[in-house]
Structures are given as structure tokens and as C-alpha cells.
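# Inside the fold
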Number of protein chains: 2
Amino acid sequence: MARSTKAAAEKTRRRILDAAEQLFYANGVAQTSLEQIAEAAGVTRGAIYWHFADKVALFRALYEGVRLPQEDLVEQAATGGNPDPLGLLEQVACDCLKTLAADQQRQRVFAILLFRCDYLGEMAEALARQNEADATMHANLTRLFAMAERDGLLSPRWPPAVAERAFTAMMRGLWVDWLRYERNFDLAGVGSDCVKGLFQSFRAR
Amino acid sequence: MARSTKAAAEKTRRRILDAAEQLFYANGVAQTSLEQIAEAAGVTRGAIYWHFADKVALFRALYEGVRLPQEDLVEQAATGGNPDPLGLLEQVACDCLKTLAADQQRQRVFAILLFRCDYLGEMAEALARQNEADATMHANLTRLFAMAERDGLLSPRWPPAVAERAFTAMMRGLWVDWLRYERNFDLAGVGSDCVKGLFQSFRAR
DNA sequence: GGATATACCTACATCGCTGTATGTAAAGTA
DNA sequence: TACTTTACATACAGCGATGTAGGTATATCC
């Protein structure tokens, strides 16, 4: 068969990744064979094995190509020394919802990570990465809520640890419910309203 | 081999189900073979095929044996005509968290449904059942929050639709985070505090 | 107490999927 | 231009899992 140029090879690689993303999302990771992916990408399994060591490597390339919402959230909220940490976090959270609602690829990849793969031995590293992202998120949020409390910005009704858990739980629940149930509500609109309501409660004196 | 009595057969069936639960939870549904289950249960694959048509039927028997938290929530909250619907729901939600925190079997089954199975073609009915449970939950909660608003019990800050979404998202987020991350916080304690904080906000005038 | 259904176990046949080894034509390189 | 490397395709070998057919010994029923 004809050897293609470098650019064409990169295109092939992307076609494989795209096909894998679609099929993983539609049928689940374990239930998708490399043969199916190859067919959908218009190549043979040989091409896949050329670009990726095996299915796990392909899966890894897929989820390493996108940023998780948790990572997004942390990166933007980590700017320390803010005079209004709660306001900042509220803004960042709403932006995060809006961003996810607009980026279909990340929706699919995140949905795959959430629902379409059981974390077996080798896939477990994907879970580990999420754990890590969550851990740093928790650490940052803990600092942030503690700061807010110290500055008298947090309602005494909300111990920092509880507020932090409530916030992360709500964010996770919004992502999960929206992705799982065919995006059947307005994530950017209603979701942001939920977050705003919660933060109003955080600030109430 | 010796045929066992009816009671013994039922015991065998339960041993198979228990082994499947453990292995599905530990390794994922797709990555668990009937041979592994049989070995863990101390029988051969023949016994499994005697009691269950195939792996899907075994999986179905597993999740049909337990009630989902959503179903729990709805059933208890559906008692109409309550003078304090918000108080009732708050109580029910906290009870629900407490119940889940105490029942290890339901934790495992629910975790399997959430994380350990990709919803392929035949397993999809499990997802369908969850969808149904969620739909009735949403319907009931919508009525409940609408009632609360009509009776002036709901803060004007919280439109009923937003409040309902915020509540379900928080509950889902609590379940998910707790089950996913090795139960690394006190679901009954901190979780209930989160719910209570939210409901205080719901009621604020 | 004999017939029959039950509750398994054993053995086998099959099949899809994986991984690898080999082939090959074009692109790059000196 | 000769050689090498790249980017695949093709072919093959092997395994693990599934489903089923057939055997067997014991409960259960009449």
C-alpha cells in the first residue's frame, strides 16, 4: 500500500482517535473492538497498531487530549490573594459549566470516563488521574473556603469543610446528571442558577 | 455430582450472586468472566448456566435485588398533602444518606451501576431502569417544590425548577463522590449537613 | 419404590479478539 | 539513484470466553 506523507499520517491518527471516541461513547470501551474502530476510521487494525501500542494506549491518548472540568476549575481558581474568594469561585464555576456545555468533544470524553468504561486493571490509571485532579481541587478549595471564613465572608451556618463538600457535590451532580441523561436541562442556565443560589447561601450573614 | 435440596440450591444461587457482586465491583462487569465467578462461588460454570441464562441475566438479577437510592427517596417523599413538604424532603434525604452509608451491599451494587459497567446494548436496560426511577423522582420533586412555593414555604430566591435541580444534583454528587473515592468522607454526617444547609437556604425568606 | 425432574459437573465446539510477523509501496535521505 | 525508513495492509497463531450437549447422582413425587 501507498505510504502517505507525514501530514496524512497525522490525519489518520486523528481519524482513529475520533472514531474511537465515537464508538467508546456509543458502545462502551470494553465492548468496542479495534476492528470496529479501524473500520469506522477507514483503515485496518494494522494502522491502529502502528499509531498506538494497544487499546489502553489509544484510550490514554484520548483522555490525555482533553482537560477535565476539575482541572479547569482549579487552574482558574488558584489565583491566590483575591479579595473576594467566594465571588471568584462562583464565577469560575459558572464559566466552567458554560465551557463544558459548549465543548462537545470534552462532553464525550468526560462521559466515557464517567459511564462508558469500567475501571479494570490497566484502565485504572485513568481513574488515578481523575483522583489526582480531584485531590488538588479539594486542597485548593479547602484553602479558599478557609480564607473566606477567616475574612468573615462565609456564613457561620456553613463550616468550611461542609461548604466545600456541598459545592463539589453540586458541581459533580450537575455534570453527571447532565451527561448521563442526554443533556436534558440547560446546564449553563439552570446549572449556574443552582451555583448562584448556593453561593448566596454561603454569603448570607 | 450429587443433587442438592431446594434450600441448598437457593444457597448456591446466592453464593453465585454474591461472588458476582464482589468481582463485578472489584474488576468491572465486562472484565469478569463466568469462570471467575464460578470459581469464587465454589462451583463450575455449569451451575451458573443452570441458575441464569447468561451473564446479562445474572447482572439483571443482581441489580433487581436492590432498591436504588432514587427509588427510596421517592417512595418515602411521595406521601402527599404534607404541611411541611420541605421539612419532609430534608428528613427523607438525610435518612436516605444514612441508609446507604449503612448498607454495604447496596453500596456495591450502586457503585457497579455507576462506575463498573459500560452500558452496552444489552446492559442498557439497567440504565433504562435508572432513567425511569429518576424520571419519577423528578416528577414527584417537581410537584413537591411547586407545592412549597404555592404555600409560601420556598424562598423567592429559588425558583422551584432550580431548587429541584440543585437538590438532586447535590444528592447525586454526594453519592458519586462518596462511592467513587473509597468513602473518604462521612456521608451520613457531612452529607446531611450539606443537605441541611441547602434546605435552610430554600426556606430563607 | 420406580419414574422423573432437579441440580449440578464435564467435555467440547466455536468464535471473536488480540498481538505479532511479514509484506509493500511510497516518502525521505545522502 | 540507491538505500532506508515510514505508514500502513495482510496473514496467521493463539487464547480466552461463551454456549451447549451429555452425563450423573440425588431429591421429590406418585
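It should be emphasised that the depicted structure is a prediction, and the values quoted were computed from it without experimental measurement.

## Points about the overall build of chain A
Helix and strand counts for chain A stand at 10 helices and zero strands. Starting at the N terminus and ending at the C terminus, chain A contains elements arranged as α-α-α-α-α-α-α-α-α-α. If one aligns the C-alpha atoms of chain A with their principal axes, the spans along those axes are about 70 × 30 × 30 Å. Across chain A, every contact between residues at least 6 apart in sequence was considered, and the portion connecting residues at least 24 apart equals 73%. Split by element, the accessible area of chain A, about 9200 Å² in all, is 51% carbon and sulfur. The positive charge centre, built from 25 side chains, and the negative charge centre, built from 26, are 2 Å apart in chain A.

## Points about the interface of chain B and chain A
Contacts between the two partners involve 40 residues from chain B and, on the opposite side, 40 residues from chain A. In this structure, the connection of chain B to chain A is made through two salt bridges. Our count for the chain B to chain A interface comes out at six residue pairs in polar contact (both at pLDDT 80 or more). When residues of the side of chain B that touches chain A are traced back to their parent elements, those giving at least two are helix H7 (104-115), helix H8 (124-150), helix H9 (160-180) and helix H10 (187-203) of chain B. The leading source of residues in the side of chain B that touches chain A is H9 of chain B, at 12 residues. Considered class by class, the residues forming the side of chain B that touches chain A number 21 nonpolar, 10 polar and nine charged.

## With respect to the packing of aromatic side chains
A complete count under the given rule lists 14 aromatic pairs over all chains for this structure. Judged by centre distance (5.7 Å) and plane angle (85°), the ring pair of phenylalanine 110 of chain A and tryptophan 175 of chain A falls under edge-to-face. Note that phenylalanine 110 of chain A is positioned in helix H7 (residues 104-116) and tryptophan 175 of chain A in helix H9 (residues 160-180), a separation of 65 residues in sequence. Residue classification places phenylalanine 110 of chain A among the buried positions, given a relative accessible area of 3%. Where phenylalanine 167 of chain B meets phenylalanine 199 of chain B, the ring centres are 5.6 Å apart and the plane angle is 80°; that geometry is what we call edge-to-face. Residue phenylalanine 167 of chain B is found in helix H9, and its partner phenylalanine 199 of chain B is found in helix H10; the two are separated by 32 residues along the sequence.

## Brief notes about unusual backbone geometry
At glutamate 182 of chain A, a position not held by glycine, the phi torsion is positive, near 55°. Note that glutamate 182 of chain A resides in the loop between H9 and helix H10 (187-203).

## Observations concerning helix H6 (residues 85-102) of chain A
All names here are of chain A. The terminal C-alpha atoms of H6, which comprises 18 residues, lie 26 Å apart, in line with the 26 Å expected from a rise of 1.5 Å per residue. Within the span of H6, buried status applies to Pro85, Leu86, Gly87, Leu88, Leu89, Glu90, Val92, Ala93, Cys94, Cys96, Leu97 and Leu100. Contacts from the buried residues of H6 go to helix H5 (69-77), H7, helix H8 (124-150), H9 and H10.

## As for the confidence of the model for chain A
Averaged over every residue, the pLDDT of chain A is 92; residues scoring 70 or more account for 96%. Confidence, expressed as mean pLDDT per element, reaches its minimum in chain A at H5 of chain A with 83 and its maximum at H10 of chain A with 98.

## Regarding the relation of the copies chain B and chain A
After a rotation of 180° and a shift along the axis of 0.0 Å, chain B superposes on chain A with an RMSD of 0.1 Å. The two molecules are tied by a two-fold rotation axis, judged by turn and shift. Of the residues that chain B buries at the interface, 100% are likewise interface residues in chain A, meaning the two copies contact each other through the same surface.

## Some points on the nonpolar core
The biggest cluster of nonpolar side chains holds 144 residues, and the ones touching the most others in it are Phe167 of chain A together with Phe167 of chain B. Among all residues touching phenylalanine 167 of chain A, those that are not within four sequence positions of it are Leu73, Leu89, Ala93, Leu141, Phe145, Leu198, Phe199 and Phe202 of chain A.

## Observations regarding the pattern of salt bridges
In the structure shown here, the tally under the stated rule is 21 salt bridges over all chains. Note that glutamate 71 of chain B is salt-bridged to arginine 129 of chain B, the shortest N-O span being 2.9 Å. Here glutamate 71 of chain B is found in helix H5 (residues 69-77), whereas its partner arginine 129 of chain B is found in helix H8, with 58 residues between them in sequence. Using a relative accessible area of 23% as the deciding quantity, one classes glutamate 71 of chain B as partly exposed. One salt-bridge network, held together by shared partners, links Arg67, Asp72, Glu75 and Arg106 of chain A.

## Considering the state of the cysteines
For the structure on display, the rule yields zero disulfides over all chains. For cysteine 94 of chain A, which is in no disulfide, the shortest distance to another cysteine sulfur is to cysteine 96 of chain A and amounts to 9.7 Å. According to the relative accessible area criterion, cysteine 94 of chain A is buried, its value standing at 6%. In this model cysteine 194 of chain B remains outside any disulfide bridge; the closest cysteine sulfur is found in cysteine 94 of chain B, 9.9 Å from its own. A relative accessible area of 0% means that cysteine 194 of chain B is categorised as buried.

## Remarks on the packing of H6 of chain A against H8 of chain A
All names here are of chain A. Running from N to C, H6 and H8 cross one another at 140°; their axes reach a closest spacing of 9 Å. For the element pair H6 / H8, the angle class is oblique. Contacts between H6 and H8 involve Pro85, Leu86 and Leu89 from the former and Leu141, Leu144, Phe145, Met147 and Ala148 from the latter. Each residue belonging to the contact of H6 with H8 can be placed in one class, and the counts come to eight nonpolar, no polar and no charged.

Analysis parameters
Counting restarts for each chain: residues are numbered from 1 in the order of the written sequence. Both sets of labels track the order of writing: A upward for chains, 1 upward for ligands. Only residues with pLDDT of at least 70 get local features here, since the model is predicted, and only at 80 or more are side-chain atom pairs given and counted; chain-wide, interface and lining totals rely on the full set of residues. By convention in this description, side-chain values take in all heavy atoms of the structure and omit both hydrogens and water. Helix and strand definitions here come from DSSP, where helices need a minimum of 4 consecutive H or I residues and strands a minimum of 2 consecutive E residues; each element is numbered from the N-terminal end. In what follows, a contact means two residues having at least one pair of non-hydrogen atoms within 4.5 Å. Only the protein chains shown count as cover for residues, and all accessible areas are computed by the Shrake-Rupley method using a 1.4 Å probe. As used throughout, the charge tally considers Lys and Arg to be positive and Asp and Glu to be negative, leaving His and the chain termini uncounted. Every charge is mapped onto a representative atom, which is NZ of Lys, CZ of Arg, CG of Asp or CD of Glu. Every case where a carboxyl oxygen of Asp or Glu lies within 4 Å of a side-chain nitrogen of Lys or Arg is listed as a salt bridge. Here a polar contact is taken to be a pair of N or O atoms separated by no more than 3.5 Å, where protein atoms must pair a possible hydrogen donor with a possible acceptor and residues adjacent in sequence count only if both atoms sit in side chains. The residue classification treats Ala, Val, Leu, Ile, Met, Phe, Trp, Tyr, Cys and Pro as nonpolar and Asp, Glu, Lys and Arg as charged. All others, Gly included, are polar. Stacked, edge-to-face and tilted labels apply to pairs of Phe, Tyr and Trp rings (six-membered ring for Trp) whose centres lie within 6.5 Å, assigned for plane angles under 30 degrees, over 60, and everything in between, in that order. Three labels apply to residues, based on accessible area from a 1.4 Å probe with only protein chains included: buried if under 20% of the type maximum, exposed if over 50%, partly exposed otherwise in between. A helix is expected to span 1.5 Å multiplied by its residue count minus one. The pLDDT value expresses, per residue, how confident the predictor is, ranging between 0 and 100. Superposing copies: least-squares fit, C-alpha atoms only, residues required to have pLDDT of at least 70 in both. Side-chain atoms within 4.5 Å are what join buried Ala, Val, Leu, Ile, Met, Phe, Trp, Tyr and Cys residues into a set we call a nonpolar core. For this text, the term disulfide refers to a pair of cysteine sulfurs within 2.5 Å. Here the axes come from fitting lines to C-alpha atoms, over the contacting stretch only for helices, and the angles between their N-to-C directions go from 0 to 180 degrees. The cut-offs work like this: below 35 degrees is roughly parallel, past 145 is roughly antiparallel, 65 to 115 is roughly perpendicular, and the gaps in between are oblique.

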